[in-house]
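# Working through the structure, step by step
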Amino acid sequence: MRALRLKNVLLGLLVVVGTQVVALGQSSPAFDRQKLDTYLEKLGEENKMMGVLTIDSAGSGGYHKTVGFRDIDNNSRANRETTYRIGSITKTYTTTLIMQLVDEGELSLSTSLADYYPQMPQAEQITIEHLLRHQSGLYNFTNASDYPGWMTEPRSKDELLEIFYEDDPQFEPGSQTSYSNTNYVLLQFVLEDITGQSYSDLLQKRIVEPLNLQHTHYGDAIEPQNNEALSYQGKDGQWQLAPETDLSIPGGAGAVVSTNDEMITFIRALFDGKLVSQESLDKMTDIKQGFGIGLTKVPFNERYAFGHNGGIDGFQSHLSYFPEEDVAIALTTNGLQYSMNDILIGALSIYFGRDFKIPSFDEKTITLSVDQMKKYVGTYTTNQLPIDIEVFIEKETLKAQATGQQAFPLTANSKTKFRFDPAGVVMEFDSLNGGQYQQFILNQAGGSYPFIRKETSNN
């Protein structure tokens, strides 16, 4: 479960594909399939990605490619029916269920959270729409420092609510936007309270059965023998098994399991009016402060798709739909050591006949001692973005962390250049003074942002 432009791309909610000009056609183009195959196979060979890419034009299923394994230890390769945890793409399914109740007159977007959970901070001021748009001000419980220590253990509704009740609000409801998984777990609870049915049953009866989906469901413990993908994290260029979140925790924020084909069936049905009314779809695609309702606008130069990203454990995923061009794209991965944004740009550039050079992936890396790492440690700020970035050492690893986001490790290509491939981040340091670097340029998603050290004392 995880993000918009620079400050949120690090979290993986939304991929911004906007660095290349692409002229999308009205039907599936005659593209260089061999080149796209080669690109994805190269990503697999270099241990940059394991997963599945599908591009669908007008429901034609124009391209599909699977790379890597669902279970490395047992040498089990993934295939078209392999299921993946899709993380925060679940939020689009949850929103669809909410909007169905709105269409049926069972719920209003203006309904107060206090009608269901008056103990929540600022419950009287928080509406269902605030929850859907991440404007509630509720603290994102998955950001808590102790979350990794208990995320693999089951939690009941009451236990989760107790955690939510204790967290202080972050801002006045409606005054700003801040991504919070707490919002969508609460929306799951509201759905269950209104209908008297579990989220799993609602998903089955209201989405899975009407669309005749065979592989989409509320997830449980992963069973690779049932063609379910395990997830992996990169370490020293290799894959190691990632911790497995107990899906009783993310619920309506991130517990759905599916395949690319079935995600595309879902998003096409959503935009074809098979799941919600046109009025509800219009509200979902109405972007305010960067977010719609369960969807976000994904720019591809002059063109736009609507969709969502997901991230949970070692899984990362993307689903979006270009309404004007009738093109859908889904990317699910169970191992990623490269920028998802760059993969999507490359894939779509090839698909629509634009210039694209397949990377060689031959950039060398170096190892720094802890004493050498100390030169970079500190807090850096910029006047171009509303975030600071802290650089620090943890367990002999140099890491960076942007305000309100998760820390990420930095790989050194030289004594001044570092990268974090999963988010497409490159940090280039300069101005060594008094044994410490004074600034760096952050490059990501086609943008460059200068950061300057906030303090000059040793850290």
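Residues numbered from 1 in each chain as written. Predicted model: local features only at pLDDT ≥ 70, side-chain atom pairs only at ≥ 80, totals over all residues. Heavy atoms only, no water.

## Things to note about the overall build of the chain
Rule in force here: In this description a helix means any DSSP run of H or I spanning at least four residues, a strand means any run of E spanning at least two, and both kinds are numbered starting from the N terminus. Here the open area of atoms and residues is found with the Shrake-Rupley method and a 1.4 Å probe, where only the protein chains shown may cover a residue. Counting rule applied: Lys, Arg positive; Asp, Glu negative; His and chain ends not counted. Lys charges are placed at NZ, Arg charges at CZ, Asp charges at CG and Glu charges at CD.
In terms of helices and strands, the chain carries twelve helices and 22 strands. Element-wise, carbon and sulfur atoms account for 42% of the exposed surface of the chain, whose accessible area totals about 18,800 Å². If the 37 positive side-chain charges of the chain are averaged to one point and the 58 negative ones to another, these points end up 8 Å apart.

## Digging into the sheet that holds strand β10 (residues 296-300)
How we decide: DSSP-based pairing: two strands are paired if at least 2 bridges between them are found. Between N-to-C directions, angles span 0 to 180 degrees; the directions come from axes that are lines fitted to C-alpha atoms, helices contributing only their stretch in contact.
Strand order in the open sheet formed by six strands is β2-β1-β13-β12-β11-β10, and the pairing between neighbours is antiparallel. What marks the edges here is a single partner per strand, and that holds for β2 (63-67) and β10. Shown here is a sheet whose adjacent strand axes are inclined to one another by a mean of 20°, direction ignored. As judged from the nine bridges shared by strand β1 (residues 49-57) and strand β13 (residues 327-336), these two strands associate in the antiparallel manner. Opposite S57, over in β13, you have V327 as the bridge partner.

## Topic: the pattern of salt bridges
Charged atoms that come close allow side chains of opposite charge to pair. Here is the rule: Salt bridge, as used here, is a side-chain nitrogen of Lys or Arg placed within 4 Å of a carboxyl oxygen of Asp or Glu. Per-residue accessibility, obtained with a 1.4 Å probe over protein chains only, is compared with the maximum for each type, and a residue is labelled buried under 20%, exposed over 50%, and partly exposed between these values.
The full count for this structure, using the stated rule, is 17 salt bridges. Between R133 and E129 there is a salt bridge; the shortest N-O distance is 2.9 Å. Judged by its relative accessible area of 23%, E129 falls in the partly exposed class. The residue D286 makes a salt bridge to K288 at a minimum N-O spacing of 3.9 Å.

## Some points on the packing of helix α6 (residues 157-166) against helix α7 (residues 181-195)
The relative placement of two packed helices comes down to the angle between their axes together with the axis-to-axis distance. Which entries qualify depends on this criterion: Should an angle fall under 35 degrees it is taken as roughly parallel, and over 145 as roughly antiparallel, whereas 65 to 115 is taken as roughly perpendicular and any remaining angle as oblique. Take the far helix as the reference: if the near one is turned anticlockwise from it by less than a right angle, the crossing is left-handed, and if turned clockwise, right-handed. In what follows, residue pairs with any heavy atoms lying within 4.5 Å of each other are defined as contacts. Only Asp, Glu, Lys and Arg are considered charged, only Ala, Val, Leu, Ile, Met, Phe, Trp, Tyr, Cys and Pro nonpolar, and every remaining residue, Gly among them, polar.
It is at 12 Å that the axes of α6 and α7 come closest, and there the two elements cross at 135°. By the angle class used here, α6 and α7 are oblique. Seen from above, α6 lies across α7 with left-handed handedness. In contact with K157, L160, L161 and F164 of α6, α7 contributes T182, V185, L186, F189 and D193. Across the contact of α6 with α7, the residue classes tally to six nonpolar, one polar and two charged.

## Some thoughts on the layout of surface pockets
Over the atoms rolls a probe the size of a water molecule, and its path tells where empty space is left. Worth spelling out the cut-off: Here the term cavity refers to a set of points on a 1 Å grid, laid over the protein atoms alone, in which a 1.4 Å probe fits but cannot get out; the term pocket refers to an open set having protein on both sides within 12 Å along at least five of seven lines, with lining residues being those that place an atom within 4 Å of a point. Grid points are joined across faces, edges and corners, and a volume is the space filled by probe spheres set on the points.
Volume-wise, the second largest pocket comes out at about 150 Å³. If you trace the second largest pocket, you find 13 residues lining it, with G44, V67, G68, F69 and R77 closest to the centre. Examining the composition of the lining of the second largest pocket, we find that three residues originate from one element, helix α2 (residues 33-45), more than from any other. Split by residue class, the lining of the second largest pocket holds six nonpolar, four polar and three charged.

## Considerations on the packing of aromatic side chains
Going by this rule: Stacked, tilted and edge-to-face are the three classes assigned to paired rings of Phe, Tyr and Trp, where Trp is represented by its six-membered ring and a pair needs centres within 6.5 Å; plane angles under 30 degrees give stacked, over 60 edge-to-face, the rest tilted.
What the rule picks out here adds up to 24 aromatic pairs. A ring pair is formed by F31 and Y351, whose centres lie 4.7 Å apart and whose planes are at 50°; its orientation type is tilted. Of this pair, F31 sits in the loop between α1 (5-9) and α2 while Y351 sits in helix α11 (residues 340-351), and the two are 320 residues apart along the sequence. For F31, a relative accessible area of 15% translates into the label buried. Under the relative-accessibility criterion, Y351 is labelled buried at 0%. On the basis of an interplanar angle of 45° and a centroid distance of 5.0 Å, the ring pair of F271 and Y321 is categorised as tilted.

## Description of a negative patch on the surface
So the rule is basically this: Patch definition: residues with relative accessible area over 30% and no salt bridge; like charges joined within 9 Å; nonpolar side chains (Val, Leu, Ile, Met, Phe, Trp, Tyr) joined within 5 Å.
On the surface, a cluster of negative charge is contributed by D158, E159, E162 and E166. With respect to the secondary-structure elements, E166 resides in helix α6. Residue E166 is classed as exposed on the basis of its relative accessible area of 58%.

## Thoughts on the nonpolar core
The criterion, for reference: We define the nonpolar core as a collection of buried residues of types Ala, Val, Leu, Ile, Met, Phe, Trp, Tyr and Cys that are connected through side-chain atoms lying within 4.5 Å of one another.
In terms of nonpolar packing, the biggest core is built from 77 residues, with Y93, I98, I128, F164 and L186 touching the most fellow members. Those residues in contact with L186 that lie beyond four places of it in its chain are L113, Y117, M120, L131, L138, L161 and F164. Core analysis: the second largest hydrophobic core is formed by 29 residues, L40, I55, Y338 and Y351 among them.

## Examining unusual backbone geometry
The phi torsion at N212 lies on the positive side, around 55°, for a residue other than glycine. Positive phi values are uncommon outside glycine, yet D313 reaches one of about 55°. Along the chain, D313 falls in the loop between β11 (303-312) and β12 (315-322). Given the relative accessible area of 11%, D313 is considered buried.

## Section: the sheet that holds strand β17 (residues 408-409)
One open sheet accounts for nine strands, arranged β17-β16-β15-β14-β22-β21-β20-β19-β18; its pairing is antiparallel. Two strands lie at the open edges of the sheet, namely β17 and β18 (411-412), each paired on one side alone. The pairing of strand β14 (residues 378-381) with strand β15 (residues 388-394) spans four bridges and is classified as antiparallel. From the neighbouring strand, G378 faces β15, where its bridge partner is V391.

## Comments concerning the pairing of strand β20 (residues 425-433)
Bridging between strand β19 (residues 417-420) and β20 involves four bridges; their strand directions are antiparallel. When the bridges of β20 are listed, F420 appears paired with V425. Taking the residues between adjacent antiparallel strands as the criterion, β20 and strand β21 (residues 436-444) are bridged by two residues, where G434 takes a positive phi near 60°.

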